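# Residue-level structure breakdown
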Amino acid sequence: MIIDVHTHLNNYHEERVVSLEDCLDKLSDTMDENKVDYSLVLTSYLVNEHRPGIKKVVEAIEGRKNLGVVAGVSFLNYKERDLREISDYINAGLIKGLKFYPGYEPFYPYDNRLQVFYDLATEYNIPVMFHSGDTYSPKGRIRYSHPIHIDEVAVDNPEMKIVICHVGNPWIKDCMEVVYKNKNVHADISGLVLGDFSEKFEKYMKAQIEEMILYAGDPQYLLYGTDWPICNMKSYLKFMDQLDLPQEKKELILWKNAAKLFNIDVSKF
């Protein structure tokens, strides 16, 4: 079984408009081609014709039992009505987690103005995901997206489930320590490469992930994710296959950790 905890329905080729339905069909086809059983779709902090908002994505995936939604929240632009809408969707089981984008937006994850969302996530036992590390856009400000900032959030919210996206790349060693120290912190391996892994970079990242597991222990904190469509699912599965781990440890990463963390009922697909 495979659960991809990090996909998008954003149109990254903004010179042309692609419909939400076309993006959704492409995701479903790509999942079928790669035998991916379930994917979480993360909405953006930015909503426009290329990046659908929470409501549109929730409505678009209705009835698709192999997809779930993680609600992207804009630190700079969220309104009280957004908080109410998200609360209603969580209560109805239509949202599996929240996602914040430090680095793309200029804020630190420990900003106390986010506490209302952290309290909400803790109350409903859903994870909070944070963009971490390098940014896809050269306009990002990476001082905000260093994984070390997540430590403060984890200490102040010990009951909240946290995911550091992209294992904080290139600060993977710092991510290792935050994950090792805080038992409520997880990390996904998404977005490590644009498109396909090259042979040299695959070898480099393989050593990094294996070192993380050696340092932080059994990978009960590590999640499989791709960042599709920026990253290629087929190439990512090849990367997973290359990891020097016993099959039971790979299964933790590929689906078991995600099913437990995001409360995904795997009997439904």
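Just so you know, these numbers come straight off a predicted model, no measurement behind them. Just so you know, the residues in each chain are numbered from 1, in the order the chain's sequence is written. This being a predicted model, a pLDDT of at least 70 is required before a residue's local features are given, and a value of 80 or more before pairs of side-chain atoms are given or counted; all residues contribute to the totals for chains, interfaces and linings. Where side-chain values are given, they derive from all heavy atoms of the structure, hydrogens and water being excluded.

## Remarks on the sheet that holds strand 5 (residues 128–130)
For clarity, the threshold we go by: DSSP calls a pair of strands paired once it identifies at least 2 bridges connecting them. Per the convention used, a helix needs a DSSP run of H or I reaching at least four residues, while a strand needs a run of E reaching at least two, with both numbered from the N terminus. Note on contacts: a residue pair is in contact if any heavy atoms of the two residues lie within 4.5 Å. What counts as an axis is a line fitted to C-alpha atoms, over the stretch in contact for a helix, and the angles between N-to-C directions run from 0 to 180 degrees.
The eight strands lie next to each other as 1-2-3-4-5-6-7-8, forming an open sheet whose pairing is parallel. In this open sheet, the two edge strands, each paired with only one partner strand, are strand 1 (3–7) and strand 8 (222–223). Here strand 6 (residues 162–164) runs beside strand 7 (residues 185–188); their pairing, made up of three bridges, is parallel. Bridge assignment links isoleucine 162 to a residue of strand 7, and that residue is valine 185. Contacting strand 5, strand 6 and strand 7, helix 5 (residues 149–156) runs over the sheet at an angle of about 175° to strand 6.

## As for the state of the cysteines
Note the threshold: Note that a disulfide, as used here, is simply two cysteine sulfur atoms within 2.5 Å. Only protein chains enter the calculation, and the probe is 1.4 Å; a residue is then buried if its accessible area is under 20% of its type maximum, exposed if over 50%, and partly exposed in between.
As enumerated under the stated definition, the model contains zero disulfides in all. The thiol sulfur of cysteine 175 is not disulfide-bonded, and the nearest other cysteine sulfur, from cysteine 165, lies at 9.9 Å. Cysteine 165 provides the cysteine sulfur closest to cysteine 231, a residue in no disulfide bond, and the two sulfurs are 12 Å apart. The buried category is assigned to cysteine 231, whose relative accessible area is 2%.

## Some details on the packing of helix 7 (residues 199–216) against helix 8 (residues 233–242)
A pair of packed helices is characterised by two quantities: the angle between their axes and the separation of those axes. Selection rule: Here is the rule for angles: anything less than 35 degrees is roughly parallel, anything more than 145 is roughly antiparallel, 65 through 115 is roughly perpendicular, and the remaining ranges are oblique. When the near helix sits turned anticlockwise from the far one by under a right angle, the crossing is termed left-handed; a clockwise turn instead gives a right-handed crossing.
The N-to-C vectors of helix 7 and helix 8 enclose an angle of 55°; their axes lie 10 Å apart at closest approach. In terms of orientation, helix 7 lies oblique with respect to helix 8. Between helix 7 and helix 8 lies a crossing of right-handed hand. Counted together, Glu202, Met205, Lys206, Ile209 and Glu210 of helix 7 and Lys238, Phe239 and Gln242 of helix 8 form the full contact between these two elements.

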